[in-house]
Amino acid sequence: MEKDCFEKVIAVTSVLVSIILTIITICLTKHINKQNTELQKNLSNRDTLNQTREVIFKIYNAFLDGFYYVSQASGNIPEIFVSEQSFYKWALELENKNKEITFSYNKAKLIFNDEILIKNLKEGFNIFSALTNTVNFYISSGLAYKFYQNAWVQFSSTHSNVQNESYETLLSNQELAEEFKKLCSNQYTEDIQNKIDEYTTIVETDNFDTLFRKYTQLAIIK
């Protein structure tokens, strides 16, 4: 009798333990699945955020690359227009920078809901586009070629010992080079310089960096 009761208790206990273990297993499985789901969600959010930050940096860098490029020429614009080879090469790279800024500005309008930032980017975009258009007109109209040819005529009239378009002579004599460069200065080169000044004023300020800084932090972009 006692043996039968003991066996029944053992059987009932085994069943209860099995049920409890099953319940524990189910709870643990649900908890692990929940953690995995949250982890995947966090990883997805982080990947999305990193991709967005990368796009933002590309937008910022496009405007900054344009700034660095024109800054290198700033103050020496007439020197660019002393020969066809020089101004065609410079204008081609300027056009490439303008394309990058245009693409970046259009991306920014899709990404940011920030009126102040977009306003500043638009201003920089418009000025750089105007700069590029001015350079393209000066070259495509034939005026750049005409002005530097006239500069050689004037230069040769006062330096008969220097052959026409003898750039080797200019490279070897800084004083003559400066004199010739001044002859290549005109209202168009001054206009180009003014537009460069306008653009650098916008991009080189700390305010421009500040506009982007809050979007480069590890936080969800509103």
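Refer to the preceding data block for the structure.
Nothing here was measured: the structure is a model prediction, and the numbers come from that model.

Asker: So what about the overall build of the protein? Which residues, and what values?
Answerer: Each helix and strand counted, the protein has nine helices and zero strands in total. What you see in the protein, going N to C, is helices and strands ordered as α-α-α-α-α-α-α-α-α. By residue count, 35% of the 222 residues in the protein fall in the buried class. A fraction of 78% describes how many contacts in the protein between residues 6 or more apart in sequence connect residues 24 or more apart. Accessible surface, the protein: about 14500 Å² in total, of which carbon and sulfur atoms supply 55%.

Asker: Pulling in residues and values, what's your account of the side chain of Asn98?
Answerer: Following the sequence through the fold, Asn98 ends up in helix α3 (residues 84-111). Judged by relative accessible area, which is 9%, Asn98 ranks as buried. When near neighbours in sequence (up to four residues on either side) are disregarded, Asn98 contacts Phe128, Ser129 and Thr132.

Asker: How would you explain the side chain of Ser83 if you had to name every residue and give the values?
Answerer: Position of Ser83 relative to the elements: it lies in the loop between α2 (77-80) and α3. When residues no more than four places from it in sequence are discounted, the contact partners of Ser83 are Tyr148 and Tyr167.

Asker: Hey, could you go over the packing of aromatic side chains for me, with residue numbers and the actual values?
Answerer: For the coordinates displayed, the defined rule picks out 22 aromatic pairs. When the ring of Tyr145 is compared with that of Tyr148, the centres are 5.5 Å apart and the planes differ by 90 degrees; the resulting orientation is edge-to-face. Of this pair, Tyr145 and Tyr148 both sit in helix α5 (residues 143-158), three residues apart, which is roughly one turn of that helix. On the basis of an interplanar angle of 55 degrees and a centroid distance of 5.4 Å, the ring pair of Phe208 and Phe212 is categorised as tilted.

Asker: Describe the pattern of salt bridges, and please don't skip the residues or the numbers.
Answerer: Summed over the entire model, instances satisfying the criterion amount to five salt bridges. Between Asp114 and Lys214 there is a salt bridge; the shortest N-O distance is 3.3 Å. Of this pair, Asp114 sits in the loop between α3 and α4 (115-140) while Lys214 sits in the segment after α9 (206-213), and the two are 100 residues apart along the sequence. Between Lys181 and Glu178 there is a salt bridge whose closest N-O contact spans 3.4 Å. Of this pair, Lys181 and Glu178 are both found in helix α7 (residues 174-183), three residues apart, which corresponds to roughly one turn of the helix. A residue is classified by how much of its surface remains accessible, and Glu178, at 33% relative accessible area, is partly exposed.

Asker: Describe the layout of surface pockets, and please don't skip the residues or the numbers.
Answerer: Reported here for the largest pocket is a volume of approximately 300 Å³. As for the largest pocket, its lining consists of 13 residues, of which Glu79, Val82, Leu170, Leu171 and Ala177 are closest to the centre. Looking at the lining of the largest pocket, the elements that each hand over two or more residues are α6 (167-172) and α7. Ranked by the residues each element gives to the lining of the largest pocket, the list is headed by α7, at five residues.

Asker: Explain the environment of Lys119 to me, and be specific about the residues and the numbers.
Answerer: Note that Lys119 resides in helix α4. Judged by its relative accessible area of 61%, Lys119 falls in the exposed class.

Asker: Quick one: what's the story with α9, residue by residue and with numbers?
Answerer: Residues of α9 that are buried include every one of Phe208, Leu211 and Phe212, and no others. Taken down its axis, α9 places every buried residue within 90 degrees of arc, on the same side.

Thresholds applied
- Residues numbered from 1 in each chain as written.
- Predicted model: local features only at pLDDT ≥ 70, side-chain atom pairs only at ≥ 80, totals over all residues.
- Heavy atoms only, no water.
- Helix = DSSP H or I, 4+ residues; strand = E, 2+ residues; numbered from the N terminus.
- Buried < 20%, exposed > 50% of the residue type's maximum accessible area, 1.4 Å probe, protein only.
- Contact = heavy atoms within 4.5 Å.
- Areas by Shrake-Rupley, 256 points an atom, 1.4 Å probe, with all protein chains shown as cover.
- Phe/Tyr/Trp six-rings, centres within 6.5 Å; stacked < 30°, edge-to-face > 60°.
- Salt bridge = Lys/Arg side-chain N within 4 Å of Asp/Glu carboxyl O.
- 1 Å grid on protein atoms, 1.4 Å probe; cavity = no way out; pocket = protein on both sides within 12 Å on 5 of 7 lines; lining within 4 Å.
- Points joined across faces, edges and corners; volume = space filled by probe spheres on them.
- Arc of directions from axis to C-beta.

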